[in-house]
Amino acid sequence: MSSSISVIVTMKAKPGREAEMRAQARSMIEPSRAEPGCLSYNNYVDPEDPHSWVVIEEWASHAAFETHMASPHLADSLAKVGDLLAEPPSVRILSTAN
């Protein structure tokens with residue numbers, strides 16, 4: 001039996017690009033939530049640092065997450081955010097403790 005996973009992605013927008021980053025991050029919510037195996041997908045802005053974004057995703061299995069990683073909407077988003085980010089994103093993948 002596979003265990004669910006949580007993924008935490010932290011991104012920092014370039015100064016002056018926050019609105020574009022917000023729009024791009026929001027554009028990922030609906031198609032990601034519609035994917036099989038997506039348990040939740042939310043993004044947040046840090047109220048103390050409006051340049052910082054956090055995406056918290058929960059997937060039913062690592063296979064579901066891998067399918068998400070290969071999705072066309074994610075590839076499109078990654079191509080767009082590259083110019084919006086001040087630094088490479090940080091990605092943490094956490095497994096459910098059994």
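To keep things clear, this report deals only with the structure shown in the data block. (Residues numbered from 1 in each chain as written. Predicted model: local features only at pLDDT ≥ 70, side-chain atom pairs only at ≥ 80, totals over all residues. Heavy atoms only, no water.)

Re the pattern of salt bridges
A full pass over the atoms with the stated rule returns 5 salt bridges. With a closest N to O distance of 3.6 Å, Asp83 and Lys14 form a salt bridge. Separated by 69 residues along the polypeptide, Asp83 in the loop between α4 (72-81) and β4 (90-95) and Lys14 in the loop between β1 (5-12) and α1 (18-27) bring together distant segments of the chain. For Asp83, a relative accessible area of 44% puts it in the partly exposed group. What makes Lys14 partly exposed here is its relative accessible area of 29%. Across the pair Glu20 and Arg17 runs a salt bridge whose closest N-O atoms are separated by 2.5 Å. In this structure, a network of salt bridges that share partners links the residues Lys14, Arg17, Glu20 and Asp83. (Salt bridge = Lys/Arg side-chain N within 4 Å of Asp/Glu carboxyl O. Helix = DSSP H or I, 4+ residues; strand = E, 2+ residues; numbered from the N terminus. Buried < 20%, exposed > 50% of the residue type's maximum accessible area, 1.4 Å probe, protein only.)

Overview of the pairing of strand β3 (residues 49-59)
Look at any regular strand and the pattern is simple: side chains alternate between the two faces of the sheet. In this sheet, β3 lies alongside β1 in antiparallel orientation, the contact comprising 8 bridges. Bridge pairing links Ile5 to Trp59 in β3. Where strand β2 (residues 38-46) folds back on β3, the antiparallel hairpin that results is connected by 2 residues. (Pairing = 2+ DSSP bridges.)

Structural notes on α1
Those residues of α1 lying buried are Glu18, Met21, Gln24 and Ala25. Buried residues of α1 fall within an arc of 125° about the axis and therefore sit on the same side. Every exposed residue of α1 that faces more than 90 degrees away from the buried side is listed here: Ala19 and Arg26. Buried positions along α1 lie against β1, α2 (29-33), β2, β3 and α4. (Arc of directions from axis to C-beta. Contact = heavy atoms within 4.5 Å.)

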